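What follows is each chain in one-letter form.
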Amino acid sequence: MCGLVGVFGDISYRMEHLFEDLLYLDVIRGPHSTGVAILKDEDKSPKVIKEVGMPWKVLTHKDYKKATDGKANLLMMGHNRYATKGKINKKNAHPFKKGNITLCHNGTLWSVYYLGIKEKFDTDSETVTESISKHGAEETWKNVDGAAVLVWWDRKDKSLNIITNGKRPFHFARSKDKKTLI
């Protein structure tokens, strides 16, 4: 059990604070670590800030303050981890970055064997990130064995991607002006 929160599109000051409030509330889905990915420019890679423990550790971090320095953001993606596979440490916190992919995962995979990744990672989520980076989303998704909601930014395609097999809850909404996905 983990939690995913985010805003994408036209991120106003209000939306930025909504994201932060959601990240705090989402701690009920996972108290072990918190991470965020912040993207200002679709041509660049998201800035990832991760910490062991509660959301305030990320939201008060100097790198978070720098990444949200008043300039408009395109994507703010957050994750609260409840550790099911892998140790509780900063390395295993989400989001994960591999190649062009920055990904958060809610769920637990029963096996990562069919993802075709020879490198051993502590978490199934990092293995999924590596698989999408190396084999693509379609090939990876065919081989996902377990519960999964995946949300990722693909820097190459400049796209936000969301996929679920329905084994974990996932909800989204759009802002009233339809410029922001929440």
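Residues numbered from 1 in each chain as written. Predicted model: local features only at pLDDT ≥ 70, side-chain atom pairs only at ≥ 80, totals over all residues. Heavy atoms only, no water.

Q: Teacher, can you tell me more about helix α1 (residues 13-25) here?
A: Residues spaced three or four apart along an α-helix face the same direction, because each turn holds 3.6 residues. Over its 13 residues, α1 runs 19 Å from end to end, which matches the ideal 18 Å to within 8%, given 1.5 Å per residue. Turning to α1, its buried residues are M15, E16, F19, E20 and L23. The buried residues of α1 occupy one face: seen down the axis, they fall within an arc of 145°. In α1, the exposed positions that point more than 90 degrees away from the buried face belong to Y13, R14 and L25. Against the buried residues of α1 lie β1 (3-11), β2 (33-39), α2 (55-59), α3 (62-67), β4 (73-81) and β11 (180-181). (Helix = DSSP H or I, 4+ residues; strand = E, 2+ residues; numbered from the N terminus. Expected span 1.5 Å × (residues − 1). Buried < 20%, exposed > 50% of the residue type's maximum accessible area, 1.4 Å probe, protein only. Arc of directions from axis to C-beta. Contact = heavy atoms within 4.5 Å.)

Q: Is there a simple way to explain the pairing of strand β9 (residues 149-154) in this structure?
A: Remark: a regular strand shows side chains that alternate across the two faces of the sheet. Within β9, 6 of the 6 residues are buried, which leaves the element mostly enclosed by the surrounding structure. Because side chains alternate across β9, one face comprises the buried residues V149, V151 and W153, and the other comprises L150, W152 and D154, equally buried. Pairing of strand β6 (residues 101-106) with β9 involves 6 bridges; the strand directions are antiparallel. If you follow H105 over to β9, its bridge partner there is L150. Pairing analysis gives 6 bridges linking β9 to strand β10 (residues 159-164), with the strands arranged antiparallel. Across the sheet, V151 pairs through a bridge with I162, a residue of β10. (Pairing = 2+ DSSP bridges.)

Q: How should I be thinking about the pattern of salt bridges in this particular structure?
A: One side chain can pair with another of opposite charge once the charged atoms of both are near each other. Under the defined criterion, the tally for this structure stands at 8 salt bridges. A salt bridge links K91 to E126; the nearest nitrogen and oxygen atoms lie 3.3 Å apart. Taken together, the positions of K91 in the loop between β4 and β5 (96-98) and E126 in helix α4 (residues 124-135) put the pair 35 residues apart, joining distant regions of the chain. K134 is paired through a salt bridge with E130; the nearest N and O atoms lie 3.0 Å apart. Here K134 and its partner E130 are both found in helix α4, 4 residues apart, which amounts to about one turn of the helix. The network of salt bridges with shared partners includes K91, K98 and E126. (Salt bridge = Lys/Arg side-chain N within 4 Å of Asp/Glu carboxyl O.)

Q: Could you clarify how one ought to interpret the packing of aromatic side chains in this entry?
A: The way to describe two aromatic rings as a pair is by their centre distance and the angle between their planes. Overall, the coordinates contain 3 aromatic pairs when judged by the stated rule. Summarising the aromatic geometry, the rings of F8 and W153 are spaced 6.2 Å apart at their centres and angled 50° between planes, so their arrangement reads as tilted. Here the residue F8 occupies a position in strand β1, and W153 occupies one in strand β9, the gap between them amounting to 145 residues. Where F170 meets F172, the ring centres are 6.2 Å apart and the plane angle is 40°; that geometry is what we call tilted. (Phe/Tyr/Trp six-rings, centres within 6.5 Å; stacked < 30°, edge-to-face > 60°.)

Q: Teacher, can you tell me more about α4 here?
A: Taking 1.5 Å of rise per residue, the 12 residues of α4 would be expected to cover 16 Å, and the 16 Å separating its terminal C-alpha atoms lies within 8% of that figure. Extensive coverage of α4 is indicated by the burial of 9 of its 12 residues. When we look at burial in α4, the residues that qualify are D124, S125, E126, T127, V128, T129, E130, S131 and I132. In the segment just after α4, G136 is the residue with positive phi, at about 90°.

Q: Just checking my understanding: could you explain the nonpolar core for this structure?
A: Soluble globular proteins tend to pack their nonpolar side chains together in the buried interior. Counting 14 residues, the largest nonpolar core has V7, F19, V36, I38, I49, Y64 and M76 as its most contacted members. Mapped by element, the contributors of at least two residues to this core are β1, α1, β2, α2 and α3. Contacts of I49, omitting those with residues within four sequence positions, involve T34, G35, V36, I38, V58, H61, D63, Y64 and A67. Among the nonpolar cores identified, the runner-up in size contains 12 residues, and L109, L115, I132 and L150 belong to it. (Core = buried A, V, L, I, M, F, W, Y, C linked by side-chain atoms within 4.5 Å.)

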